[in-house]
Every structure is written in C-alpha cells, then in structure tokens.
Amino acid sequence: QAKAQGRARICHFEPAMQARVAWRLEMEQALRRALLAGELALHYQPQVDERERLVGVEALLRWTHPDHGVVSPGVFIAIAEESDLIVELETWVLDSCCALLARQSEACLPRLSVNISARHFAQPEFVETLMRLLEAHRVDPGRLTVELTESIMIDSLDAAAERMRALKALGARIALDDFGTGFSSLSYLKRLPLDELKIDRSFVSDIETDASDAAIVETVLAMARHLKLAVVAEGVENAAQLTFLAARGCRCFQGFHFHRPMPEPALARLLGERVQVPPSA
Ligand code: C2E
Ligand code: MG
Ligand code: MG
Ligand code: MG
C-alpha cells in the first residue's frame, strides 16, 4: 500500500517536473526566435538629480511573447542566463544603446546605463566587443555605464577586478547594481574600480518606517562619500523617500515617483528633441 502510494505520489510529481522543464525549454527556444522576430524592445527609465533634471537613463529589456504576452525580465533573463543566449541578447542591447547614444547629443542624454549579466561579463570577448560597438557608433565611452551585480565576484574577486579594469581602460563607467542584496563584503569595494553604487529598491521602499533600512541607507551614503563613489537610489516611489535620501546626501534618483521605464519615442519627447527612429526591418 505504501509502495502504491509512493508510486502514486511520484506519478503525480513527475508530470509537473516534466512540464516545468518543457516550459523552460519552450521559452528558451521562443526567446532565441524573439530577437529575430522583433519581439524584444528596450525601455528607458530616467535617472534624475535633486532638482529632477535628467542625468541619464537605464535601459531595461522587454519581451512580448506572441501568445503569452509580456514576459517579466525576472523570468526571461534567468532563462537566457542558463546559456550563451544571454550574450546574444545583451550584445543586441549594447548595439541598440550605442545607437541611441549616437542619435542623442550628450547635452540631451548625458548617460545611459546597461545591465550586463555575470555570465556575459565573464566572456573574454566582452570588453573588445563593447569597444567595437562604441567605435562603430562613434560614441564617447564615458557616456556608457555598465551595471554589474555582486554575482560577478562569485568565482573570483581578482578575475572580476581585472576585467573591470579593462572596462575602465576603455573609458566606460561601472555601477554596482542592487547593492546590498548580494553576498556583500564591504572590503571588496575599495578593490574594485567602481564609479557608482545603486542602492537596491528593497532598502528604499520602507526607508521611512524601517529603522534598519534607514540605517543601512545612511551608512551606504556615508561610505560612498568617503570612497568617492556616485550613488543612485533605486525605486524611489514617493516624495517622503526622496526627502529622506536627499537629506542624507543622495544626489541621483530613479523610480516611479519621477518616471516609469518608457519606450524610445516617449523618451525622445521627454528629451525635447525629435529623434530619427530607424524603421523596423
Ligand atoms: P534592475 O537593473 O535593478 O532594474 C530596476 C528595476 O526596477 C526595473 O524592473 C524597473 O522597472 C524597476 N523599478 C524602477 N523604479 C521602480 C519603482 O519606483 N518601483 C518599483 N516597484 N519598481 C521600480 P524591470 O524592468 O522589471 O527589470 C527587472 C530586472 O531585470 C532589472 O533590475 C535587471 O536586473 C534585469 N534586466 C532587465 N534588462 C536586463 C538586461 O538587458 N540584462 C540583464 N542582465 N538584466 C536585465
Ligand atoms: Mg540595473
Ligand atoms: Mg537594480
Ligand atoms: Mg534588480
């Protein structure tokens, strides 16, 4: 009887597992086709200073599946990261972003940030490919910020630091994204050639009510000042959060309180300049 039950349970379990594996496989295949099918798009979320002037934008990847509709980047980025598909996707992102920077003057759009996955960053060709793209579009590398997460240091801090120095030599800026959510050790901060820390949204959301979140944010801002790192506060959703952050020296903000991520035409309107959007192929 127990055996029969066990078997029944296994039988009940396996199809679900199989379904999950099949679903992931199906999504991976669909994602491979998505690039060619034009289902991928970039949205841009402005970053502003304390006077709400735009200082840059972050490029965020979007996928609209023909049957499943909008798929969250939290889902499809994870699937892409299981193979070198992420390299293909993010190379397209980098190319599109360089093209946007070339279309917009530095006065209109000073800076643009792109998210690069740890797997992609670990590729030996990464820095050279980026250099090629910047040159092809004749874009000043200093206008591009590469956002990396703490996961780039999982294997080796030294290897990550070395690759980051190559990226710095190229002239690009480097930001540490989602700061505080990874396996943080503060000692590595001075060993990495960073320009910017992005305080994760999870610390900002309860900043007024959660004393420990408030303390963490205050500490990060003070530390960044000593290390001469720029700070961007992510996920600022209301004026109270902005006031709290600004009072503690934060000078750059990103969040729904200012702007949601938007497609390029809306961004172009915001920048107050008509841009030539290339016709889709
Ligand atoms: P992220 O890099 O930390 O990007 C910020 C995320 O926070 C975006 O979510 C943005 O829409 C959201 N956000 C911004 N302001 C607010 C706010 O005030 N409130 C709330 N609730 N959310 C806010 P999104 O676009 O869903 O992207 C999620 C994550 O997907 C990104 O987090 C990033 O880690 C990843 N991602 C997106 N595009 C790429 C990409 O091209 N490459 C890689 N590796 N990851 C990407
Ligand atoms: Mg980011
Ligand atoms: Mg982030
Ligand atoms: Mg995030």
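Everything numeric in this text was worked out from a predicted model, so none of it was measured. (Residues numbered from 1 in each chain as written. Chains lettered and ligands numbered in written order. Predicted model: local features only at pLDDT ≥ 70, side-chain atom pairs only at ≥ 80, totals over all residues. Heavy atoms only, no water.)

Caption draft 1: Representation of the pairing of strand β4 (residues 112-115). Of the strand pairs in this sheet, strand β2 (residues 54-65) and β4 are connected by three bridges, and their pairing is parallel. When the sheet's bridge partners are listed, A59 is paired in β4 with V114. Of the strand pairs in this sheet, β4 and strand β5 (residues 144-148) are connected by four bridges, and their pairing is parallel. Directly across from L112, in β5, lies its bridge partner L144. (Pairing = 2+ DSSP bridges. Helix = DSSP H or I, 4+ residues; strand = E, 2+ residues; numbered from the N terminus.)

Caption draft 2: Representation of the layout of surface pockets in the model. Its boundaries defined by the atoms lining it, the largest pocket holds a volume of some 990 Å³. If you trace the largest pocket, you find 33 residues lining it, with E58, L60, N115, D177 and D178 closest to the centre. Every element with two or more residues in the lining of the largest pocket is listed here: β1 (40-48), β2, α2 (73-80), α3 (85-103), α4 (118-121) and β6 (173-179). The element contributing the most residues to the lining of the largest pocket is β2, with five residues. Of the residues that constitute the lining of the largest pocket, the class distribution is twelve nonpolar, nine polar and twelve charged. (1 Å grid on protein atoms, 1.4 Å probe; cavity = no way out; pocket = protein on both sides within 12 Å on 5 of 7 lines; lining within 4 Å. Points joined across faces, edges and corners; volume = space filled by probe spheres on them. Nonpolar A, V, L, I, M, F, W, Y, C, P; charged D, E, K, R; others polar.)

Caption draft 3: Focus on the pairing of β5. Here β5 lies mainly inside the structure; five of its five residues are buried. Neither face of β5 is left uncovered, since the one carrying L144, V146 and L148 and the one carrying T145 and E147 both have all their residues buried. Pairing of β5 with β6 involves four bridges; the strand directions are parallel. In the strand pairing of β6, T145 is matched with R173. A crossover connection joins β5 to the parallel β6 through helix α6 (residues 157-170); in handedness this β-α-β unit is right-handed. (Buried < 20%, exposed > 50% of the residue type's maximum accessible area, 1.4 Å probe, protein only. Right-handed = clockwise from strand over helix to strand, strands pointing away.)

By themselves these figures say nothing about function.
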